[in-house]
Amino acid sequence: MLAVAGLAVSAVTATPAYAASCNTSQAIAAETIAGNFSTVDRAYNGTQDGLVSRTDLEIVAQGSGYPNYLRNSARVLLEGDFFRQIDTAAQGGRADGLLSVGDLNAACG
């Protein structure tokens, strides 16, 4: 709690934006998904909302209607903790389970 001119103000901190520590396959996967963002964005329900969810990526990873390079890239983003690491890559803040094209572009520096 901070006292400012006689008022009590709560200090709020956000996680700063940062590039994840990526290996080559992760960097390529993030770039591939960013380059095919609208396709992946529409995977869940056919509409584009400007964000990619884990569900969008899972559908692409398992979907036979997508090219192998896109399916493999979706799998890489879903592996381990990588999705969470890049969730806030563009602007920081709290992870929301959604990736913007900015998150993907900033993911690996």
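Residues numbered from 1 in each chain as written. Predicted model: local features only at pLDDT ≥ 70, side-chain atom pairs only at ≥ 80, totals over all residues. Heavy atoms only, no water.

A.B. asks: Is there a simple way to think about the overall build of the protein in this case?
C.D. replies: If you tally the helices and strands in the protein, you get six helices and four strands. When each of the 109 residues of the protein is scored for burial, the buried share is 34%. Restricting the contact set of the protein to residue pairs at least 6 apart, pairs at least 24 apart contribute 51%. Counting every atom, the protein has about 6300 Å² of accessible surface; 50% of that belongs to carbon and sulfur. (Helix = DSSP H or I, 4+ residues; strand = E, 2+ residues; numbered from the N terminus. Buried < 20%, exposed > 50% of the residue type's maximum accessible area, 1.4 Å probe, protein only. Contact = heavy atoms within 4.5 Å. Areas by Shrake-Rupley, 256 points an atom, 1.4 Å probe, with all protein chains shown as cover.)

A.B. asks: Sorry, what's going on with the state of the cysteines here?
C.D. replies: All told, the structure shown has one disulfide when counted by the stated rule. Disulfide pairing places cysteine 22 opposite cysteine 108 at an S-S distance of 2.0 Å. Across the S-S bond linking cysteine 22 and cysteine 108, the dihedral sits near -85°, which makes this disulfide left-handed. One end of the pair, cysteine 22, is in the loop between β2 (7-9) and α1 (24-35); the other, cysteine 108, is in the segment after α6 (101-106), with 86 residues separating them in the sequence. Relative accessible area serves as the criterion here: at 25%, cysteine 22 is assigned to the partly exposed category. Classification of cysteine 108 by relative accessible area gives partly exposed; the value is 29%. (Disulfide = S-S within 2.5 Å.)

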